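Fold and geometry: a report
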Amino acid sequence: MEKLLESDLYGPVRDYLRELGYEVKGEVRGCDVTALRDGELIVVELKRGFTLELIYQAMDRQRVADGVYVAVPLPRRGYMSPHIQEMKSLCRRLELGLIFVGFTGRGIGQVDVAVHPKEASAPRRDKKRRLAVIREHESRTGSANTGGVTRKKILTVYKEQALLVARLLRDHGPLRSEDVRKLGGPANTGVILGRNALGWFDREMDAGGGRYLYRPNEKALAALEEYGSLL
């Protein structure tokens, strides 16, 4: 168990939720796992152990989600562990779900839901934050991020869009912002290029002196190389 990482729990949990019909994403607005189905938002927090920090995180996620689970590796002694019942009891009291992930000798993870979260009985306290989580989840074009990852590459919606713009400029540029959009760039291409928040784009005046042409700089090309596998 010492060799397990939080990210090792992500695959089994993701596959379990997908089988239930949820669209699953990792690392969305600080949530390890978000799952969306017909407007219902489920959040799962992953940890290598059942800790107070994990409980604090899960209780915070209750401010935005319809149901929150905590997912931890199955203890060494399995269901003979003396703390299993206490963990289940605490989660029921806090209206949290509890997922154990057991691993076979071949490293295959198996999910066992020990407790399901109770449906929220009180109104959510942070609707603005809930909406931000859902928007980020829905705006992702794929599931490139792995939940539970720390100090590694995380692909946000904005960065994903900026990478698309950079790739189009690398392959077809230099171009005007409207030309990038016509080639399949995002609707906010003009904002991405104009604000240049990531510092990825250089610009020059076109021959007519009326419009800016944009090209990706070395930082953009390095980002395309770094994030290529995630795209």
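Residues numbered from 1 in each chain as written. Predicted model: local features only at pLDDT ≥ 70, side-chain atom pairs only at ≥ 80, totals over all residues. Heavy atoms only, no water.

**A word on the overall build of the protein**
The cut-off we apply is this: A run of H or I in DSSP counts as a helix once it spans at least four residues, and a run of E counts as a strand once it spans at least two, with each numbered from the N terminus. For each residue, the accessible area found with a 1.4 Å probe, counting protein chains only, is set against the maximum for its type, and the residue is called buried under 20%, exposed over 50%, and partly exposed in between. Any two residues having at least one pair of non-hydrogen atoms within 4.5 Å are treated as being in contact. Note on areas: these come from Shrake-Rupley sampling with a 1.4 Å probe, and a residue is covered only by the protein chains present in the view.
If you tally the helices and strands in the protein, you get eight helices and eight strands. For the protein, buried positions account for 43% of its 231 residues. Sequence-distant contacts in the protein: of pairs separated by 6 or more residues, those separated by 24 or more amount to 57%. Of the roughly 12,900 Å² of accessible surface on the protein, 48% is carried by carbon and sulfur atoms.

**Looking at unusual backbone geometry**
Even without a glycine there, the phi angle at Glu 95 is positive, about 60°. Assignment of secondary structure puts Glu 95 in the loop between helix 3 (84-93) and strand 5 (97-103). Residue Glu 95 is classed as partly exposed on the basis of its relative accessible area of 26%. Of note, Asn 196 is a non-glycine position whose phi angle comes to about 50°, a positive value. Considering the arrangement of structural elements, one finds Asn 196 in the loop between helix 7 (189-195) and strand 7 (201-205). Taking relative accessible area as the criterion, Asn 196 reaches 21% and is therefore assigned partly exposed.

**Digging into the sheet that holds strand 6 (residues 109-115)**
What counts, and what does not: When DSSP finds two or more bridges between two strands, those strands count as paired. With axes taken as lines fitted to C-alpha atoms, and helix axes fitted only over the stretch in contact, angles between N-to-C directions fall between 0 and 180 degrees.
One open sheet accounts for six strands, arranged 1-2-3-4-5-6; its pairing is mixed. The sheet terminates laterally at strand 1 (23-28) and strand 6, the two strands that pair on one side only. For this sheet the average axis-to-axis angle between neighbouring strands, irrespective of direction, equals 25°. For strand 1 and strand 2 (residues 31-37), the ladder comprises five bridges, and the chain directions are antiparallel. The residue bridging Glu 23 from the neighbouring strand is Leu 36, located in strand 2.

**Overview of the confidence of the model for the protein**
Detailed reading of the predicted coordinates is not advisable wherever pLDDT is low. The condition that has to hold: pLDDT is defined as a per-residue confidence score from the predictor, taking values between 0 and 100.
The predicted model of the protein has a mean per-residue pLDDT of 85, with 87% of residues at 70 or higher. When pLDDT is averaged over each helix and strand of the protein, the minimum, 86, is found for helix 4 (residues 127-139) and the maximum, 95, for strand 4 (residues 67-73).

**Regarding the pairing of strand 3 (residues 40-46)**
Of all seven residues making up strand 3, six are buried, and the element is well covered by its neighbours. The pairing of strand 2 with strand 3 spans five bridges and is antiparallel. Paired with Ala 35 across the strands is Ile 42, a residue of strand 3. The loop that links strand 2 with its antiparallel partner strand 3 comprises two residues; one of these, Asp 38, has a positive phi angle of about 50°. Judged from the five bridges that link them, strand 3 and strand 4 form a sheet pairing that is parallel. Bridge pairing in strand 4 links Val 44 to Tyr 69.

**A word on the nonpolar core**
What counts is decided by this rule: We define a nonpolar core as any set of buried Ala, Val, Leu, Ile, Met, Phe, Trp, Tyr and Cys residues linked to one another through side-chain atoms lying within 4.5 Å.
Counting 22 residues, the largest nonpolar core has Leu 41 and Leu 98 as the members making the most contacts within it. Broken down by secondary-structure element, the contributors of at least two residues to this core are strand 2, strand 3, helix 2 (52-61), strand 4, helix 3, strand 5 and helix 4. The residues contacting Leu 41, other than those within four sequence positions of it, are Thr 34, Ala 35, Leu 36, Val 64, Ala 65, Asp 66, Gly 67, Arg 130, Val 133 and Ile 134.

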